[in-house]
Amino acid sequence: MPEAGAMTESPHGSDGPGGGATSFGVERDPARVVAFSDGVIAIAITLLVLEIRPPHDTSDLLHGLAALWPSYLAYVLAFLLIGQVWANHHLMFDHIRSADRVVLFLNTVLLMDVAFLPFAASVLAETFRDGHGQRTAVVLFGAAFELLAILFNVIWGYVRRDRRLLTATIDSAGVEAIKRRFRLALVWLAIGTLLGALLPVLGLAVIAAFILYYWLPIAGEIAVPKRRRHPGHPK
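Conventions adopted
Residues numbered from 1 in each chain as written. Predicted model: local features only at pLDDT ≥ 70, side-chain atom pairs only at ≥ 80, totals over all residues. Heavy atoms only, no water. Helix = DSSP H or I, 4+ residues; strand = E, 2+ residues; numbered from the N terminus. Expected span 1.5 Å × (residues − 1). Buried < 20%, exposed > 50% of the residue type's maximum accessible area, 1.4 Å probe, protein only. Arc of directions from axis to C-beta. Contact = heavy atoms within 4.5 Å. pLDDT = per-residue confidence, 0-100. Salt bridge = Lys/Arg side-chain N within 4 Å of Asp/Glu carboxyl O. Patch = residues over 30% accessible without salt bridge, like charges linked within 9 Å, V, L, I, M, F, W, Y side chains within 5 Å. Areas by Shrake-Rupley, 256 points an atom, 1.4 Å probe, with all protein chains shown as cover.

Colleague: How should helix α7 (residues 200-214) be read in this particular structure?
Modeller: At 3.6 residues per turn, the α-helix brings residues three or four places apart onto the same side. Compared with the 21 Å implied by 1.5 Å per residue over 15 residues, the 21 Å span of α7 between its first and last C-alpha is a close match. Considered for burial, the residues of α7 that qualify are P200, G203, L204, V206, I207, F210, I211 and Y214. End-on view of α7: buried residues confined to an arc of 160°, all on one side of the axis. Residues V201 and L212 are exposed on α7 and point more than 90 degrees away from its buried face. Here the buried face of α7 lies against α3 (69-94), α4 (101-130), α5 (134-161) and α6 (172-198).

Colleague: What is the right way to look at the confidence of the model for the protein in this model?
Modeller: Close reading of the predicted structure is inappropriate where its pLDDT is low. Chain-level statistics for the protein give a pLDDT mean of 84 and a share of 81% at 70 or above. The model gives residues 1-19 a pLDDT under 50, and that stretch makes 19 contacts with residues more than four places away or in other chains.

Colleague: What is the right way to read the pattern of salt bridges from this model?
Modeller: Pairs may arise between side chains of opposite charge once their charged atoms sit close together. The full count for this structure, using the stated rule, is three salt bridges. When the shortest N-O distance is used, the salt bridge between E51 and R53 registers 3.9 Å. For E126, the salt bridge identified is with R129, shortest N-O distance 2.7 Å. Placement of the pair is E126 and R129 together in helix α4, with a separation of three residues, close to one helical turn. Looking at E126, the relative accessible area reads 36%, which means it is partly exposed. What makes R129 partly exposed here is its relative accessible area of 31%.

Colleague: Would you take a moment to explain a nonpolar patch on the surface for this structure?
Modeller: A surface patch of nonpolar side chains, about 440 Å² in accessible area, is lined by L61, L65, W69, Y72 and L73. Of all elements in the fold, only α2 (61-66) and α3 reach the threshold of two or more residues within the nonpolar patch. The element best represented in the nonpolar patch is α3, accounting for three residues. As for its position among the elements, Y72 is in helix α3. A relative accessible area of 33% places Y72 in the partly exposed class.

Okay, here's the thing in structure tokens:
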């Protein structure tokens, strides 16, 4: 039996999750971080539909439903953007081997922003329905997603500086490929938000175009293994 107070080696060894520590605490298996994050994102994305209220007057139901187009627009934009947050959160944590307290804190702030998104989408729909305050609403909507982009960059920047937190399945080229994609999000969403302060419809169009691009795979994320050359085969 080990002596009282002696430290025992992690069952994962020094290379497994929880097998080491940084200056910001013990490294933990990120599985629970991902599970908790999935739950928060799922709730936020579900709350979006609750902001679409049925028409009060059903005497002309078709007209009443058509008048809700701002709610439909805000719902679709926010749903697809939150879907991207979910996809890129998985992409990031697929390559994070373990999480210390800095990663836990930054991820908590990220989830706090995610939980705010249904409110931002509701404000956006209301202003386009009433015809007033669209500039402020688009800036609020874009800024909420810009903050998410900032947090993704901060988390990825932190873990790539301490390679112990990353898995061995990603090489330096993959790390840089993800960094470039995350940094592009910073610029793209900032442009959409600033344009929204001047021309709300144009700002939303730029943010919507971001959805189409960001679902594309990240070239270079996964290293392609080189084929072995067999003796006698041509180069």
